[in-house]
Amino acid sequence: ELLVGWNLTFTNGQGWDAAITADEQGIAEASITLFVFWALGGCCVLSVQLFTMAKRKMLHTTVRILVQAFVCHLLELFFCMVYYVTYISTGNQSRGLRIVYRCFAAFAETHIVLFLILIGKGWTVVRRKITPQGRVKITAFIAVYGVIQLGVVTWEGEWVVVVFVVCCLLLAGR
């Protein structure tokens, strides 16, 4: 009786990211660079600007929407960075981390779309209030948009991770 075993390892060139596919090479470096840039530069500028606006009592709802979008984007970059670094170091993709960073990306994008709709309607620029009919339309559109965004994210995902992330974001928004 002869037992033979072998292991095949396919790599893409040399370097620390040789274990991932060619179309994903460079994403880890880009996510690390973007996260460091946004964390250092964005947080410093944002904290000074928010302090100045709060002191002058100009901290409007649209500013809060943009800050929430920024925080969601920063968390997306952080979890994207963690995902790709663990993918490179272990060679295995973590579906949970992938879903988490995509959920944060969906929330950030939904916040930006809401902000653009509000600015497009002229809120805080030339109008003090949006009509009740306009508010219903905006609410319905953002609700449908958000559900579609989360549906796209969860199409490949694990429901437990998605429900946990959504619950944490909803509790943090209160």
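Residue numbering note: each chain is counted from 1, following its sequence as written. Given that the model is predicted, a residue must reach a pLDDT of at least 70 before its local features are reported, and side-chain atom pairs must reach 80 or more before they are shown or counted; all residues, however, enter totals for whole chains, interfaces and linings. Neither water nor hydrogens contribute to the side-chain values; these are computed over all heavy atoms in the structure.

A. Structural view of the overall build of the chain. Here a strand is any run of E in DSSP of at least two residues, a helix any run of H or I of at least four, and the numbering for each starts at the N terminus. From N to C terminus, the chain includes five helices and zero strands. Start at the N end of the chain and walk to the C end: the helices and strands fall as α-α-α-α-α. Taken against the 2.2 N^0.38 rule, which gives 16 Å for 174 residues, the C-alpha radius of gyration of the chain at 21 Å runs more than 25% over that of a compact globule. A principal-axis box enclosing the C-alpha atoms of the chain has dimensions of 85 × 35 × 25 Å. Contacts are assigned to residue pairs that have any heavy atoms within 4.5 Å of one another. By sequence separation, contacts in the chain at least 24 residues apart represent 68% of the contacts at least 6 residues apart. Carbon and sulfur atoms form 68% of the exposed surface of the chain, whose accessible area is close to 11,800 Å². Treating the 14 positive side-chain charges of the chain as one cloud and the 9 negative ones as another, the clouds have centres 33 Å apart. Our radius of gyration looks at C-alpha atoms and nothing else; its globule reference is 2.2 Å times the residue count to the power 0.38. Each accessible area is a Shrake-Rupley result for a 1.4 Å probe, and residues are judged covered by the shown protein chains and nothing else. Counted as positive: Lys and Arg. Counted as negative: Asp and Glu. His and the chain ends are not counted at all. Think of each charge as sitting on NZ of Lys, CZ of Arg, CG of Asp or CD of Glu.

B. Focus on the layout of surface pockets. Here a cavity denotes a set of grid points, spaced 1 Å apart and computed over the protein atoms alone, in which a 1.4 Å probe fits but from which it cannot get out, and a pocket denotes an open set meeting protein on both sides within 12 Å along at least five of seven lines; residues with an atom within 4 Å of a point are reported as lining. Grid points are joined across faces, edges and corners, and a volume is the space filled by probe spheres set on the points. Taken as a whole, the largest pocket holds about 550 Å³ of empty space. In terms of lining, the largest pocket is formed by 20 residues, of which the most central are Gln 68, Phe 107, His 111, Leu 169 and Leu 170. Secondary-structure elements contributing two or more residues to the lining of the largest pocket are helix 2 (61–90), helix 3 (95–120), helix 4 (132–154) and helix 5 (159–172). A per-class count over the lining of the largest pocket returns 14 nonpolar, six polar and no charged. Residues are grouped as follows: nonpolar covers Ala, Val, Leu, Ile, Met, Phe, Trp, Tyr, Cys and Pro; charged covers Asp, Glu, Lys and Arg; every other residue, Gly included, is treated as polar.

C. Just the nonpolar core, in detail. Of all hydrophobic cores here, the largest spans twelve residues; its members are Cys 72, Ile 99, Val 100, Cys 103, Phe 104, Ala 106, Phe 107, Ala 108, Val 153, Val 165, Val 166 and Leu 169. No other element matches helix 3, which puts seven residues into this core. Nine residue types can take part in a nonpolar core, namely buried Ala, Val, Leu, Ile, Met, Phe, Trp, Tyr and Cys, and a core is a set of them joined through side-chain atoms within 4.5 Å. Burial here depends on accessible area, computed with a 1.4 Å probe over protein chains only, as a share of the maximum for the residue type. Under 20% is buried, over 50% is exposed, and the range in between is partly exposed.

D. A look at the environment of Val 166. With respect to the helices and strands, Val 166 occurs in helix 5. Considered as a pair, Val 166 and Leu 66 are 100 residues apart in the sequence and their alpha carbons are 19 Å apart. Non-local contacts of Val 166, meaning those with residues more than four positions away in its chain, are made with Phe 107 and Leu 150.

E. Quick look at helix 2. Taking 1.5 Å per residue as the helical rise, helix 2 with its 30 residues ought to reach 44 Å, and the 43 Å between its terminal C-alpha atoms agrees with that figure. Downstream of helix 2 by a residue or two, Gly 91 has a phi angle that is positive, lying close to 85 degrees. One less than the residue count of a helix, multiplied by 1.5 Å, gives the span that helix is expected to have.

F. Examining the environment of Leu 97 more closely. Position of Leu 97 relative to the elements: it lies in helix 3. Spatially, the C-alpha atom of Leu 97 lies 42 Å from that of Val 126, the residues being 29 residues apart in sequence. In this view, Leu 97 contacts Phe 79, Val 82, Tyr 83 and Thr 86; residues no more than four positions away in its chain are not counted.

G. Representation of the packing of helix 2 against helix 3. Where helices are involved, their axes are fitted lines through C-alpha atoms of the stretch in contact, as for all axes, and angles between N-to-C directions lie from 0 to 180°. At a closest axis distance of 8 Å, the pairing of helix 2 and helix 3 adopts a crossing angle of 155 degrees. Judged by the inter-axis angle, helix 2 sits roughly antiparallel to helix 3. For the element pair helix 2 and helix 3, the recorded crossing hand is left-handed. Residues of the contact of helix 2 with helix 3, tallied by class, amount to 22 nonpolar, five polar and two charged. Oblique is the label for any angle not covered by the other classes, which are roughly parallel (under 35 degrees), roughly antiparallel (over 145) and roughly perpendicular (65 to 115). When the near helix sits turned anticlockwise from the far one by under a right angle, the crossing is termed left-handed; a clockwise turn instead gives a right-handed crossing.

H. A look at the packing of helix 1 (residues 27–55) against helix 2. Across the interface, helix 1 lies against helix 2 with an axial gap of 9 Å and an inter-helix angle of 155 degrees. When the axes of helix 1 and helix 2 are compared, the pair comes out roughly antiparallel. The two elements helix 1 and helix 2 meet at a crossing, and its hand is left-handed. Each residue belonging to the contact of helix 1 with helix 2 can be placed in one class, and the counts come to 22 nonpolar, three polar and no charged.

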